[in-house]
Amino acid sequence: MLFRQLFDLETSTYTYLLADEQTREAVIIDPVLEQVERDLALLRDLELTLVYALDTHVHADHVTAIGTLAERTGAKTVLSERAGVGCADVYVKEGDRIAFGRCELEVRETPGHTAGCVTYVTGDRSMAFTGDALLIRGSGRTDFQQGSAPALYRSVHEKIFSLPDACLLYPGHDYKGRTVTSVAEERKHNPRLGGGRTEREFVAFMSELQLAYPKKIDVALPANLYCGVPKGMLASGEVESVPAWAPIEISAGGIPEVAPEWVAAERGAARVIDVREPSELSGELGHIPSVELVPLAEVERAAASWDRDEPIVVVCRSGGRSGKAARQLAGMGFRRVASMRGGMTAWSERRLPVDHRPLEVAPTA
Ligand SMILES: [Fe+2]
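Residues numbered from 1 in each chain as written. Predicted model: local features only at pLDDT ≥ 70, side-chain atom pairs only at ≥ 80, totals over all residues. Heavy atoms only, no water.

Enquirer: Could you give an account of the side chain of Asp274, naming the residues involved and the relevant values?
Expert: Of note, Asp274 is situated in strand 17 (residues 271-274). Among the polar contacts listed, one links the side chain of Asp274 to the side chain of Arg276, at a separation of 2.8 Å. Ignoring sequence-local partners within four residues, the contact set of Asp274 consists of Leu281, His287, Val291, Glu292, Leu293, Val294, Pro295, Val315, Cys316 and Met344. (Helix = DSSP H or I, 4+ residues; strand = E, 2+ residues; numbered from the N terminus. Polar contact = N/O pair within 3.5 Å; in protein donor to acceptor, adjacent residues only side chain to side chain. Contact = heavy atoms within 4.5 Å.)

Laid out in C-alpha cells, this is it:
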C-alpha cells in the first residue's frame, strides 16, 4: 500500500494519503482546505484516482477540504453518521469498511473528543488514523463539540489500545514535530491515558485543563458543517452534497446566513426562532409574525428536544446573537441552521411585515 503523511504548518494538521499501488485508487484522510492544490498535485504526480475523502471528525481548528476535493476529483466524502452534519456522501458507523482497490479501512467509533469521532484502521491492522481521539503522548480536548472525557477514555482503551502492540498510530495533529507512535508505546507512555491511568484520573485531569478557545473555530465549524465547501458553490447550489434547504452564504465570521428576503418569501420552509429578550419583540423593531421566541440564554436548553434535521433560521436585532445561537445549534448537531443576515434591523429596512404584539417565550418540552 502506498502511504504519504502530509502536514499543514499553520494548524499543525496531518493529512494522510493511502492508495492501492496496483489499481491506483486512493483515499485521503483529514485534508485541509488551504492545501487542496498541494494534495491534487500529489494525486496527479502519483497517478492516483481519489475515491474517498474522509474526515475523522468535524474539525474546529481548520476548514476541511473533503468537499472541495470531492468536487474536483469526483471522490465521495465520508464522515461518521454521528458527526451531526448533512453534507457527506457516505456516512459510516462502527465496523464499516471503506474499500479502495484491494485495500480497505475499518471504521472504529471513538467518541469523546467529539461525539462523531472515528478512527480508521487499515485492513491488516498495521496502521490506525486516530484523528484527535489519541494524540502522541496526549489526547484531544473534551470541552467542546459534545466532548466527554469518560467516553474518550473508553474509546481509547477499548478501540485503540486493543489493536496489536505494533500497530502504528497516526494522529490528527502534533505540535512538537512528532509524526507517529504505536499502540504499545502509547499504552505505556501516554501521560493521560496510558501507564495504568484510571478513567477517574483521566476525567479529573481533563476537567482541570484550561484550554484557549480554538483560534479558527468561528470559521471552521460552520464551514465544516457543509464539508468545507466554499461559499460560491453553496449559494449556487452547484454542489449536490450540500443540503439545498436554503441559499446559504457563509459570513466573514464563518456563520451560515440567509437573507431576510428569503425568510419573508419562504415562511414555512424553516422554523424561525427569535433569540432576543421578550421586551425587544414588542419594541420599535417588533418581530416577524408568528416567530417563536427563545432568548439566547435559553436556546441550548430548549433545543435539546428539537428535531435536529428540521431547518432552523435564528433571528436577533442585528445578527450577532443569532450568529452565536446558530453556532451553538450547529455544535449540538443541528444540520440545517442559519442566522438571518442583518437581523430585524435589516428586516425593517426592507419594510417586511412586522408584528408589535408581545410574545411569550416558547415553552420548553
Ligand atoms: Fe478536532
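Structure's up, so let's keep going.
Enquirer: I'd like a rundown of the sheet that holds strand 9 (residues 118-122), residues and numbers included.
Expert: As summarised here, the arrangement of the 6 strands in space is 7-8-9-10-13-14, forming an open sheet in which the pairing is mixed. Strands with a single pairing partner mark the edges of an open sheet, and in this sheet they are strand 7 (97-100) and strand 14 (181-182). Pairing between strand 7 and strand 8 (residues 103-109): 4 bridges, direction antiparallel. Residue Ala99 lies in a different strand from strand 8, and its bridge partner there is Glu104. With respect to the sheet, helix 3 (residues 149-160) is in contact with strand 8, strand 9, strand 10 (127-131) and strand 13 (168-171), its orientation differing from that of strand 8 by roughly 145°. (Pairing = 2+ DSSP bridges. Axes fitted to C-alpha atoms, helices over the stretch in contact; angles between N-to-C directions.)

Enquirer: How would you summarise the layout of surface pockets if you had to cite specific residues and measurements?
Expert: By volume, the largest pocket is sized at about 790 Å³. Considering the residues around the largest pocket, the lining is formed by 30 residues, among which Asp61, Leu135, Arg141, His173 and Tyr175 are closest to the centre. Each residue belonging to the lining of the largest pocket can be placed in one class, and the counts come to 10 nonpolar, 9 polar and 11 charged. Each pocket or cavity is described by its volume, and for the second largest pocket that value is around 300 Å³. At the level of elements, helix 6 (217-224) and helix 11 (320-331) are the ones that each hand at least two residues to the lining of the second largest pocket. Among the elements that line the lining of the second largest pocket, the one with the most residues is helix 11, at 4 residues. Per-class residue counts for the lining of the second largest pocket are 5 nonpolar, 4 polar and 4 charged. (1 Å grid on protein atoms, 1.4 Å probe; cavity = no way out; pocket = protein on both sides within 12 Å on 5 of 7 lines; lining within 4 Å. Points joined across faces, edges and corners; volume = space filled by probe spheres on them. Nonpolar A, V, L, I, M, F, W, Y, C, P; charged D, E, K, R; others polar.)

Enquirer: An account of the packing of aromatic side chains is requested, with residue identities and associated values reported.
Expert: For the structure on display, the rule yields 10 aromatic pairs. Note on Phe7 and Tyr14: the rings are 5.0 Å apart at their centroids and 45° apart in plane angle, and the pair reads as tilted. One aromatic cluster in this structure is built from Phe3, Phe7, Tyr14, Tyr16, Phe129 and Tyr170. Here the guanidinium or amino end of Arg271 rests over the ring plane of Trp306, the centre of that ring lying 4.5 Å away. (Phe/Tyr/Trp six-rings, centres within 6.5 Å; stacked < 30°, edge-to-face > 60°. Lys NZ or Arg CZ within 6 Å of the ring centre and 35° of its normal.)

Enquirer: Which residues make up the pattern of salt bridges, and what are the values?
Expert: Enumeration over the complete set of coordinates arrives at 22 salt bridges. When the shortest N-O distance is used, the salt bridge between Lys159 and Glu94 registers 3.1 Å. Of this pair, Lys159 sits in helix 3 while Glu94 sits in the loop between strand 6 (90-92) and strand 7; the two residues are 65 residues apart in sequence, bridging distant segments of the chain. Judged by its relative accessible area of 36%, Glu94 falls in the partly exposed class. When the shortest N-O distance is used, the salt bridge between Arg276 and Asp274 registers 2.8 Å. (Salt bridge = Lys/Arg side-chain N within 4 Å of Asp/Glu carboxyl O. Buried < 20%, exposed > 50% of the residue type's maximum accessible area, 1.4 Å probe, protein only.)

Bear in mind that shape data such as this cannot, by itself, settle questions of function.
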